[in-house]
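Given next are the chains, with one letter for each unit.
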Number of protein chains: 2
Amino acid sequence: MNDNQKSRYFASRDSVEQVEEGTELAPKFDADGLIPAITTDSRTGELLMHGYMNAEALEKTIETGIVHYYSRSRQALWRKGDTSGLVQHLIEMRIDDDQDAVWLRVKVDGGASCHVGYRSCFYRSVPTGEAAQSGITLKFEETEKVFDPAEVYGDAPNPTKL
Amino acid sequence: MNDNQKSRYFASRDSVEQVEEGTELAPKFDADGLIPAITTDSRTGELLMHGYMNAEALEKTIETGIVHYYSRSRQALWRKGDTSGLVQHLIEMRIDDDQDAVWLRVKVDGGASCHVGYRSCFYRSVPTGEAAQSGITLKFEETEKVFDPAEVYGDAPNPTKL
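If you're wondering where the values come from, they're calculated on a predicted model, not measured in any experiment.

What counts as what
Residues numbered from 1 in each chain as written. Chains lettered and ligands numbered in written order. Predicted model: local features only at pLDDT ≥ 70, side-chain atom pairs only at ≥ 80, totals over all residues. Heavy atoms only, no water. Helix = DSSP H or I, 4+ residues; strand = E, 2+ residues; numbered from the N terminus. Buried < 20%, exposed > 50% of the residue type's maximum accessible area, 1.4 Å probe, protein only. Contact = heavy atoms within 4.5 Å. Areas by Shrake-Rupley, 256 points an atom, 1.4 Å probe, with all protein chains shown as cover. Lys, Arg positive; Asp, Glu negative; His and termini not counted. Charge placed at Lys NZ, Arg CZ, Asp CG, Glu CD. Least-squares fit on C-alpha atoms with pLDDT ≥ 70 in both. Buried area = accessible area lost by both parts, 1.4 Å probe. Polar contact = N/O pair within 3.5 Å; in protein donor to acceptor, adjacent residues only side chain to side chain. Pairing = 2+ DSSP bridges.

Engineer: Any chance you could break down the overall build of chain A for me, citing the residues and the numbers?
Structural biologist: The helix and strand tally for chain A stands at three helices and eight strands. Its helices and strands in sequence order give chain A the pattern α-β-β-α-β-β-β-β-β-β-α, from N to C terminus. Principal-axis analysis of the C-alpha atoms gives chain A an extent of 50 × 40 × 35 Å. Buried residues in chain A amount to 56% of all 162 residues. Pairs at least 24 residues apart make up 44% of the contacts formed inside chain A by residues separated by at least 6 positions. As presented, chain A carries roughly 7400 Å² of accessible surface, and 44% of it is formed by carbon and sulfur atoms. Positive and negative charge centroids in chain A, built from 18 and 27 side chains respectively, lie 5 Å apart.

Engineer: Which residues make up the relation of the copies chain B and chain A, and what are the values?
Structural biologist: For the pair chain B and chain A, the best superposition has an RMSD of 0.0 Å and corresponds to a rotation of 180 degrees with a translation of 0.0 Å parallel to the axis. What the superposition gives is, in effect, a two-fold axis relating one chain to the other. Closest approach to the rotation axis among the C-alpha atoms of chain B is made by Gly45 of chain B, whose C-alpha sits 2.4 Å away.

Engineer: Could you give an account of the interface of chain B and chain A, naming the residues involved and the relevant values?
Structural biologist: Opposite the 61 residues of chain B that make contact, chain A presents 61 residues. Summed over both sides, the interface between chain B and chain A buries roughly 5400 Å², with carbon and sulfur atoms accounting for 57% of that surface. Considering only the surface of chain B that becomes buried against chain A, Phe122, Arg124 and Leu162 of chain B emerge as the three largest contributors, covering 13% of it. The interface formed by chain B and chain A contains 43 residue pairs in polar contact (both at pLDDT 80 or more). Those elements giving two or more residues to the side of chain B that touches chain A turn out to be α1 (16–21), β1 (35–41), β2 (47–53), α2 (55–64), β5 (88–95), β6 (102–108) and β7 (124–126) of chain B. The sheet contact formed by strand β5 (residues 88–95) of chain A and β7 of chain B spans three bridges and is antiparallel. Paired with Ile95 of chain A across the strands is Arg124 of chain B, a residue of β7 of chain B.

Limitation: the analysis is restricted to geometry and does not speak to function.
Shown next as structure tokens:
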């Protein structure tokens, strides 16, 4: 099944020139039917999340302007914020050169996007270059959680898999 | 083979708490041995690329501070800029909550990161919400290429796959 044929928004991928230089939206979904979605704060530029969308999530996000992902851990369409209230409002969507990744510039209700409680999922930095020579210790760049995950998610399963 | 066991930088993934709240780098590579890498301009916050790293590319990037990816089209380690000169110098690396994605904040020699010639790979926006109701036409947000790909890459194969 070609996902692109099911949608009123998506064109088929006919040539490299069309995909790279054209004005048709012709997204490429991977073998699992997913496309990566990179979410940044539209005001600060901070990277908030790296998630995935299936065709339905991408369509619903385009249609509503509210960000929907595909949850790989729950294997279900996921309207971000349904449990937590941390809804992501789309300010701008972009697509990359070969149309296999989507950039979402958003405004977040509640000011946090990470299920651990931080503003961004990328709350720890990794030492590199000379700083890495004596071994790697991650540094917390956010030191205070915006919310308490136990309060917000209760006993819902943690999406992090080992 | 567990990639993490091969590396002097990577710890094994022992618990969700260690992965999310700890200070050990315990990256999760997917079934193909890859981890997504999101690259932004350290000065402007603009999203430049969405690429992939294997364990070797991640190690070399940590060690040298120069960004290395894994090229899926060429199936090889890829020191960005080897052909084009558009080398990416790492300013900061971050890892996400479940350690299955890496954020690279970079400074780019030559000011462009996209093989099509644009500054960012995400040079087109997608209309959403009301603007999408009459159909989707991508809008070029960058209108001038920084370089001519034919000059820089010659007849090297285009990495975009249909």
